[in-house]
Amino acid sequence: MRILLLGGDGFLGRHATAVLRSVPGATVLTAGRRPAHDLRLDLATAQAGPLGEELSALAPDAVVNFAGAVAGSAVKLAEVNARGPAVLCEALSLGAPKARLVHIGSAGEYGVCARGESLAEDADARPVGVYGATKLAGSLAVAGSPLDAVVLRVFNPVGPGAPAGSLPGRLAAELRRVAPEGADGVITVGDLSAYRDFVDARDVAKAVGLAVTADRPLPRVLNLASGHARQVRAIADGLVAAAGFTGRIDESGAGSERSAAVSWQQADVSAADRELGWRPETDLADTLRDLWLGTAGPTPDPVVA
């Protein structure tokens, strides 16, 4: 099986690479902007025709798309998150129409959710802000294509290697900086009272492997999450415990506009269980401990469809 991975250099992509390489008989090819990749590709500027020819030459059995932007101008977000998947779908239709496409979506596509409710895949999509809107546009392009395709809508991924731009990554970096101050150390953050559905990046990676190797067509959208909303404050508490930090977390700083607009998100993950046999396995405390220690955890088990 030939698997082409886009965005494998990112946080989730790196975890997925390890899982995909464990698929029996798999050859994992990569695409990206660096010369070291098997396919030099920038989806923000790619053209469907030439890309289709390159895909035809590579002959992938499956394509996994982690490429995306979480920050930047509206133009950048639209180019990468909306235009990129649309171009990829057209290019695959031209050059590798039988390949399965596994596209990574985002909980930001759902937007506002009533407190206490769980979001199933058929919930109304009401994204807040440009990021969510552009991710939704990309997912709609995938879901509406004639390809054998699935959107894995990932909620709030956490784990080893979390980027500095994310709250867990930034908090871990701040703890490393301030921890020597002990009880006098103070880390300033924004309001941590919003509820989010956190999922370990390694569990997400396993779901990607199952989606790639599934022996039948999948639903157009599947949620990946823990299925349980927790206050964002749990991230700070877990990292503080893992670090043995005795100082103080001050929530008087500038907070996320999205957190203020979307105070609750929780996923219904029963479809992923039914269709992939996937369940989240990693407890949040273990996830945060591994993030703090910088460990990747055990080598992933081989993926069996």
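Residues numbered from 1 in each chain as written. Predicted model: local features only at pLDDT ≥ 70, side-chain atom pairs only at ≥ 80, totals over all residues. Heavy atoms only, no water.

**Describing helix α6 (residues 201-213)**
End to end, α6 covers 19 Å across 13 residues, agreeing with the expected 18 Å (1.5 Å per residue, within 8%). Among the 13 residues in α6, twelve count as buried, and that is most of the element. Near the N-terminus of α6, the side chain that reaches the backbone nitrogen of Arg-202, with its oxygen 2.7 Å away, is that of Asp-200. (Helix = DSSP H or I, 4+ residues; strand = E, 2+ residues; numbered from the N terminus. Expected span 1.5 Å × (residues − 1). Buried < 20%, exposed > 50% of the residue type's maximum accessible area, 1.4 Å probe, protein only. Polar contact = N/O pair within 3.5 Å; in protein donor to acceptor, adjacent residues only side chain to side chain.)

**A closer look at unusual backbone geometry**
One non-glycine residue, Ala-59, adopts positive backbone phi at about 50 degrees. Among the structural elements, Ala-59 can be located in the loop between α2 (48-58) and β4 (62-65). The exposure class assigned to Ala-59 is partly exposed, which follows from its relative accessible area of 40%.

**Let's talk about the UniProt feature "domain: NAD-dependent epimerase/dehydratase" (unreviewed entry) in the protein chain**
UniProt marks residues 3-224 with the feature "domain: NAD-dependent epimerase/dehydratase" (unreviewed entry), using the numbering shown here. For residues 3-224, helix accounts for 38% and strand for 20%, while the C-alpha atoms at its two ends are 21 Å apart. (UniProt positions renumbered as here; feature names shortened; annotations may be inferred.)

**Describing the sheet that holds strand β11 (residues 221-224)**
Taken in spatial order, the seven strands line up as β3-β2-β1-β4-β5-β6-β11 in an open sheet, and their pairing is parallel. At either end of the open sheet lies a strand with only one pairing partner, and these are β3 (39-40) and β11. Its contacts with the sheet place helix α4 (residues 129-143) against β5 (100-106) and β6 (148-154), and it is angled at close to 160 degrees to β5. (Pairing = 2+ DSSP bridges. Contact = heavy atoms within 4.5 Å. Axes fitted to C-alpha atoms, helices over the stretch in contact; angles between N-to-C directions.)

**What to know about the packing of aromatic side chains**
With the rule as written, the count across this model stands at two aromatic pairs. Between Tyr-110 and Phe-155, the ring centres sit 5.9 Å apart and the planes meet at 40 degrees, which makes this aromatic pair tilted. With Tyr-110 in the loop between β5 and α4 and Phe-155 in the loop between β6 and β7 (156-158), this pair connects stretches of sequence that are 45 residues apart. A residue is classified by how much of its surface remains accessible, and Tyr-110, at 0% relative accessible area, is buried. Taking relative accessible area as the criterion, Phe-155 reaches 5% and is therefore assigned buried. With a centroid separation of 5.3 Å and an interplanar angle of 45 degrees, the aromatic rings of Tyr-195 and Trp-264 are classed as tilted. (Phe/Tyr/Trp six-rings, centres within 6.5 Å; stacked < 30°, edge-to-face > 60°.)

**A closer look at the packing of α2 against helix α3 (residues 74-95)**
Look at α2 against α3: their axes get within 7 Å of each other, and the N-to-C directions meet at 50 degrees. With respect to α3, the element α2 is oriented oblique. Of the two elements, α2 crosses α3, and the hand of that crossing is right-handed. Contacts between α2 and α3 involve Ala-48, Gly-49, Leu-51, Gly-52, Leu-55 and Ser-56 from the first element and Val-87, Leu-88, Glu-90, Ala-91, Leu-92, Leu-94 and Gly-95 from the second. Along the lines of polarity and charge, the residues of the contact of α2 with α3 split into eight nonpolar, four polar and one charged. (Parallel < 35°, antiparallel > 145°, perpendicular 65-115°, else oblique. Left-handed = near helix turned anticlockwise from the far one by under 90°. Nonpolar A, V, L, I, M, F, W, Y, C, P; charged D, E, K, R; others polar.)

**So, the pairing of β4**
Residues Ala-62 and Val-64 point to one face of β4 and Val-63 and Asn-65 to the other, with burial holding for every one of them. When β4 meets β5, the two strands line up parallel, connected through four bridges. Its bridge partner being in β5, Ala-62 is matched across the sheet by Arg-100. What joins β4 to β5 is α3, and the crossover it makes is right-handed. (Right-handed = clockwise from strand over helix to strand, strands pointing away.)

**Section: the pattern of salt bridges**
Evaluation of the coordinates by the stated rule reveals 14 salt bridges. In this structure, the salt-bridge partner of Asp-290 is Arg-202, at a minimum N-O distance of 2.9 Å. Taken together, the residues Asp-290 in helix α10 (residues 284-293) and Arg-202 in helix α6 connect sequence positions 88 residues apart. The burial state of Asp-290 is the same as that of Arg-202; both residues are buried. In this structure, the salt-bridge partner of Glu-281 is Lys-206, at a minimum N-O distance of 3.5 Å. Of this pair, Glu-281 sits in the loop between α9 (270-276) and α10 while Lys-206 sits in helix α6, and the two are 75 residues apart along the sequence. For Glu-281, a relative accessible area of 57% corresponds to the exposed category. Taken together, the shared-partner salt bridges in this structure form one network comprising Asp-200, Arg-202, Asp-286, Arg-289 and Asp-290. (Salt bridge = Lys/Arg side-chain N within 4 Å of Asp/Glu carboxyl O.)

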